[in-house]
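The primary structure of each chain is shown beneath.
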Amino acid sequence: MHGNDKKKYFVSVNHGLIQDVRNDSGEYEVLLTAEELTGLQDILKDLAREDEYAFRRAFVPYKSADHDEAIDQFDDQTIRVFQYLHRYGTPETRQTIEQLNVLPKLSNTGYEDKGYDGGSPANK
């Protein structure tokens, strides 16, 4: 197998799993070289660690979750995973991820979003 041979994988973000067969509909199809696969595994490992950390923090009653670093880190890690999946995903995967709106940074690629007026929907 050459270093740049792409192989198809199915990634479950919720379970932190990378598999070569699709097991449930919540999985993202990506094409990865061996090297890219390792990169994704690393990100998922980080995410699992952050997840445990955020989870443990959830049980500290006197700590306000509003400005909790753990929550922010968790979000950043999650975004990293989706950025990776978007980069190496099939067109279908990319479309699904774009519809999730988890990648704020992607929308700054120069094209204007139709129907986006800059106002937050919260302040009606």
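What you see is a predicted model; the values in this text were computed from it and never measured.

Along the polypeptide, L85 turns up in helix α2 (residues 69-88). With 54 residues separating them along the chain, L85 and L31 place their C-alpha atoms 9.1 Å apart. Those residues within four positions of L85 in sequence are excluded, and the remaining contacts are V11, V13, Y28, V30, L40, T93 and I97.

The next thing to look at is the sheet that holds strand β1 (residues 7-12). Read across the sheet, three strands follow the order β2-β1-β3 without closing on themselves; strand pairing throughout is antiparallel. Across the chains shown, the open sheet's two edge strands, defined by having one partner strand only, are β2 (17-19) and β3 (28-32). Sheet twist, expressed as the average angle between the axes of neighbouring strands with direction ignored, equals 35°. The sheet contact formed by β1 and β2 spans three bridges and is antiparallel. Counterpart to V11 in the pairing with β2 is I18.

A few words on the nonpolar core. Inside soluble globular proteins, nonpolar side chains tend to come together where they are buried. Ranked by size, the top nonpolar core spans 19 residues in total, and within it V13, V30, L32, L40, V81, F82 and L85 carry the most contacts. Of all elements in the fold, only β1, β3, α1 (34-57) and α2 reach the threshold of two or more residues within this core. If we skip the residues at most four places from it in the chain, L32 touches D5, K6, K7, Y9, L37, L40, Y84 and Y88.

We now examine the environment of E27. With respect to the secondary-structure elements, E27 resides in the loop between β2 and β3. The exposure class of E27 is buried, given its relative accessible area of 6%. Note: C-alpha distance between E27 and F10 (17 residues apart in sequence) is 5.7 Å. Those residues within four positions of E27 in sequence are excluded, and the remaining contacts are F10, V11, S12, Q19, V21 and R22. Within polar-contact distance, the side chain of E27 engages the backbone nitrogen of D24 at 3.4 Å.

On average, residues of the protein carry a pLDDT of 78, and 69% of them reach 70 or more. Averaged pLDDT values for the elements of the protein fall to 80 in α2 and rise to 97 in β3. Every residue in residues 107-121 scores below 50 in pLDDT, and together they form one contact with partners more than four places removed in sequence or on other chains.

Turning to the packing of aromatic side chains, a few remarks are in order. For the structure on display, the rule yields two aromatic pairs. Measuring from ring centre to ring centre gives 5.6 Å for Y28 and F82, while their planes differ by 90°; the resulting arrangement is edge-to-face. Within this pair, whereas Y28 is found in strand β3, its partner F82 is found in helix α2, the two being separated by 54 residues in sequence. According to the relative accessible area criterion, Y28 is buried, its value standing at 11%. Among the residues examined, F82 registers a relative accessible area of 7% and is labelled buried. Relative to Y88, the ring of Y84 lies with its centre 4.8 Å away and its plane at 50°, an arrangement referred to as tilted. One end of the pair is Y84 and the other is Y88, both in helix α2 and four residues apart, which spans about a single turn.

Reading guide: rules and limits
- Residues numbered from 1 in each chain as written.
- Predicted model: local features only at pLDDT ≥ 70, side-chain atom pairs only at ≥ 80, totals over all residues.
- Heavy atoms only, no water.
- Helix = DSSP H or I, 4+ residues; strand = E, 2+ residues; numbered from the N terminus.
- Contact = heavy atoms within 4.5 Å.
- Pairing = 2+ DSSP bridges.
- Axes fitted to C-alpha atoms, helices over the stretch in contact; angles between N-to-C directions.
- Core = buried A, V, L, I, M, F, W, Y, C linked by side-chain atoms within 4.5 Å.
- Buried < 20%, exposed > 50% of the residue type's maximum accessible area, 1.4 Å probe, protein only.
- Polar contact = N/O pair within 3.5 Å; in protein donor to acceptor, adjacent residues only side chain to side chain.
- pLDDT = per-residue confidence, 0-100.
- Phe/Tyr/Trp six-rings, centres within 6.5 Å; stacked < 30°, edge-to-face > 60°.

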